[in-house]
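Chains, contacts and geometry: an overview
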Amino acid sequence: MATISIEHASKSFGSTEVLRDISLDVKDGEFLVLLGSSGCGKSTLLNIIAGLDPLADGTIRLDGEVVNDVHPKNRDIAMVFQSYALYPNMTVERNIAFGLEMRKYSKAERKAAVREVASLLQIEHLLSRKPSQLSGGQRQRVAMGRALVRRPKIFLFDEPLSNLDAKLRGEMRTEIKKLHQTLKATMVYVTHDQIEAMTLADRIAIMRDGVIQQIGTPQQIYSTPANMYVAGFVGAPPMNFVEVELARRKDQFGVILPAVLKGQPIEYFLPLQETEQLAGREGSKVVLGLRPEMITHNAFGQSSAPEIECDVELVEPTGADTLCLIRLAGQPAKARVSPLFACEPGESMRFSIDTSRICLFDGKTKQLIG
Ligand SMILES: Nc1ncnc2c1ncn2[C@@H]1O[C@H](COP(=O)(O)OP(=O)(O)O)[C@@H](O)[C@H]1O
Ligand SMILES: [Mg+2]
């Protein structure tokens, strides 16, 4: 068992509040990702879990026991950093075994443990090399080996892949996910990369300025973001935000969506479910959150989703699909269509809008309201 429970954690450096009233539970065997832009407090929170930084206010429990004053060595936690921090003069084998050496494991025990970890990470052939003779990806594997060999209860990762090139990062991501499936250990993983967060996490905690904005599964974060910050942080290209007016047409509740067709302004009406939160708000402005894939081609007119026709200003093929730049409520917006149906820039195109998955945000509070 290895659970982490943080209650009302706060932390300041001087007069700067870095963590504000953070409460977070990590379940046994869970892969939790802390996601947020640089400087939001992710590493500070991770260091607090590891015991490298003292907690000013609040409680941290490991397996139910308060560990606020427990030394990092006695927390049974291993950490992997972005900088590999390998000992340059030691071989890979000794780098991995060093922690065990310090803990007075016998030579035979160390050898067996290193062999097992090396096989798991596929670095058996590198054991006699020095770190300078390794590629970035190989060094990162050795750094992970050093964490794994101790068989800790909890693994903490602080942006471990940030120094690798894009292709290698993708490969290592897959390996870390496999590793988690094999070990079933509790892992907390810090990143600013939303793709890493989405692909790795059982649950994501999104942080901003020392405050957790939302905790949820990748799907929950993606489809029901708590606010515009979360909505804009996850997804590439990001969600389109369109300021629109709530309205009622022929007894149907919905929003008025201004667009441009053949150079002329045109207004479309998008019917929406009238929820309790939205009832009686006709005439007021809200922000429509439309992911690019919710605006797509309606080539055969088969979809029952509402349709709009508008000018396409720019076309961006990405391979698997093509992004069409259109203009909604005066702002640029991106639609995601199949390359088969993409038009030429300057032409107009018919799009269907998946209103079932639309998000509505309050323009002032930026919170999700429907
Ligand atoms: N030891 C420290 N002394 C003073 N300020 C710090 C210290 N460590 C971090 N900070 C500040 O705290 C904020 C959060 O830092 P950090 O947790 O490293 O963010 P992240 O890992 O999300 O990029 C930053 O503004 C950073 O400058
Ligand atoms: Mg950091």
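Numbering of residues starts from 1 in each chain and follows the order in which that chain's sequence is written. Following the order in which they are written, the chains are lettered starting with A and the ligands numbered starting with 1. Per-residue local features of the predicted model are confined to residues with pLDDT of at least 70, and side-chain atom pairs are confined, for both listing and counting, to 80 or more; whole-chain, interface and lining totals are unaffected and use all residues. Side-chain figures throughout are based on the complete set of non-hydrogen atoms in the structure, without hydrogens or water.

Let us now look at the overall build of the chain. On a plain count of helices and strands, the chain comes out with eight helices and 21 strands. With respect to the three principal axes, the spread of C-alpha positions in the chain is 80 × 45 × 35 Å. A total of 370 residues make up the chain; the buried ones form 48% of that total. Pairs at least 24 apart in sequence give 66% of the contacts found in the chain among residues at least 6 apart. Elements are defined by DSSP. Helices are runs of H or I of four residues or more, strands are runs of E of two residues or more, and each kind is numbered from the N terminus. The buried label goes to any residue with under 20% of its type's maximum accessible area, the exposed label to any with over 50%, and the partly exposed label to all in between, with areas taken from a 1.4 Å probe on protein chains only. Whether two residues are in contact is decided by their heavy atoms, any of which lying within 4.5 Å being enough.

This paragraph deals with the packing of helix H3 (residues 107-121) against helix H4 (residues 136-148). Running from N to C, H3 and H4 cross one another at 135°; their axes reach a closest spacing of 10 Å. Between H3 and H4, the crossing angle belongs to the class labelled oblique. Between H3 and H4 the crossing geometry is right-handed. Here H3 contributes Val 117, Leu 120 and Leu 121 to the contact with H4, which in turn contributes Arg 141, Met 144, Gly 145 and Leu 148. Between N-to-C directions, angles cover 0 to 180 degrees, with each direction set by a line fitted to C-alpha atoms, over the stretch in contact for helices. Any angle that is under 35 degrees is reported as roughly parallel, and any over 145 degrees as roughly antiparallel; angles of 65 to 115 degrees are reported as roughly perpendicular and all others as oblique. Crossings are classed by handedness, with left-handed meaning an anticlockwise turn of the near helix from the far one by less than a right angle and right-handed meaning a clockwise turn.

Moving on, we come to the site of ligand 1. Taken together, Phe 13, Val 18, Ser 37, Ser 38, Gly 39, Cys 40, Gly 41, Lys 42, Ser 43 and Thr 44 form the complete shell of residues around ligand 1. N or O atoms within 3.5 Å of each other form a polar contact, as long as, within protein, one can give a hydrogen and the other can take it, and as long as residues adjacent in sequence are counted only when both atoms are side-chain atoms. Residue Gly 41 places a main-chain N or O atom 3.0 Å away from an oxygen atom belonging to ligand 1. Residue Thr 44 places a side-chain N or O atom 2.5 Å away from an oxygen atom belonging to ligand 1. If ligand 1 stood free it would expose 560 Å²; the protein chains cover 54% of that surface. Neighbouring residues are identified by heavy atoms, a residue being near a molecule or strand if any of them is within 4 Å of it. Working definition of accessibility: Shrake-Rupley area with a 1.4 Å probe, residue cover restricted to the visible protein chains.

A word on the UniProt feature "domain: ABC transporter" (unreviewed entry) in the chain. Following the UniProt record, the feature "domain: ABC transporter" (unreviewed entry) maps to residues 4-234 here. As a span, residues 4-234 carries 37% helix and 26% strand, and end to end its C-alpha atoms are 25 Å apart. UniProt positions are given in the numbering used here, feature names are shortened, and annotations may be inferred rather than shown by experiment.

As a further point, take the domain arrangement of the chain. Just so you know, the domain bounds were taken from an automatic or database domain assignment. Taken as a whole, the chain is organised into domain 1 (4-225) and domain 2 (240-361). Computed over C-alpha atoms only, the centres of domain 1 and domain 2 are separated by 41 Å. Listed as interface residues are four residues of domain 1 and, on the opposing side, four residues of domain 2. At the boundary of domain 1 with domain 2, total buried surface from both sides reaches about 330 Å², with 48% on carbon and sulfur atoms. Put simply, buried area is how much 1.4 Å-probe accessible surface two parts lose in total, over both of them, once they are put together.

Mapped onto the secondary structure, Gly 29 falls in the loop between strand S2 (16-26) and strand S3 (31-35). Along the sequence, Gly 29 and His 180 sit 151 residues apart, while their C-alpha atoms lie 8.4 Å from each other. Those residues within four positions of Gly 29 in sequence are excluded, and the remaining contacts are Ala 2, His 180, Lys 184, Ala 185, Thr 186 and Asp 202.

Moving on to the packing of aromatic side chains. Aromatic rings from Phe, Tyr and Trp, taking only the six-membered ring of Trp, are treated as a pair when their centres fall within 6.5 Å; an angle between ring planes under 30 degrees marks them as stacked, one over 60 as edge-to-face, and anything in between as tilted. For the structure shown, the criterion picks out six aromatic pairs. Aromatic pair Phe 157 and Tyr 189: ring centres 5.6 Å apart, planes at 40°, arrangement tilted. One end of the pair, Phe 157, is in strand S7 (residues 154-158); the other, Tyr 189, is in strand S8 (residues 186-191), and 32 residues separate them in sequence. The class of Phe 157 is buried, set by a relative accessible area of 2%. Feature note: the residues Phe 31, Phe 155, Phe 157 and Tyr 189 constitute an aromatic cluster, connected by ring pairs. As a reminder, the over-ring test applies to NZ of lysine and CZ of arginine, requiring each to be within 6 Å of the ring centre and within 35 degrees of the ring normal. The ring of Tyr 222 has Arg 291 sitting right over it, with the charged end atom 3.8 Å from the ring centre.

Now for the sheet that holds strand S19 (residues 331-337). Strand pairing requires that DSSP identify at least two bridges connecting the strands. Strand order in the open sheet formed by three strands is S17-S18-S19, and the pairing between neighbours is antiparallel. Where the open sheet ends on each side, the last strands, each with one partner, are strand S17 (314-317) and S19. The sheet shows a mean angle of 30° between the axes of neighbouring strands, direction not considered. Bridge count for S17 against strand S18 (residues 322-328) is four bridges, and the pairing is antiparallel. Within S18, the position partnered with Val 315 by the bridge is Cys 324.

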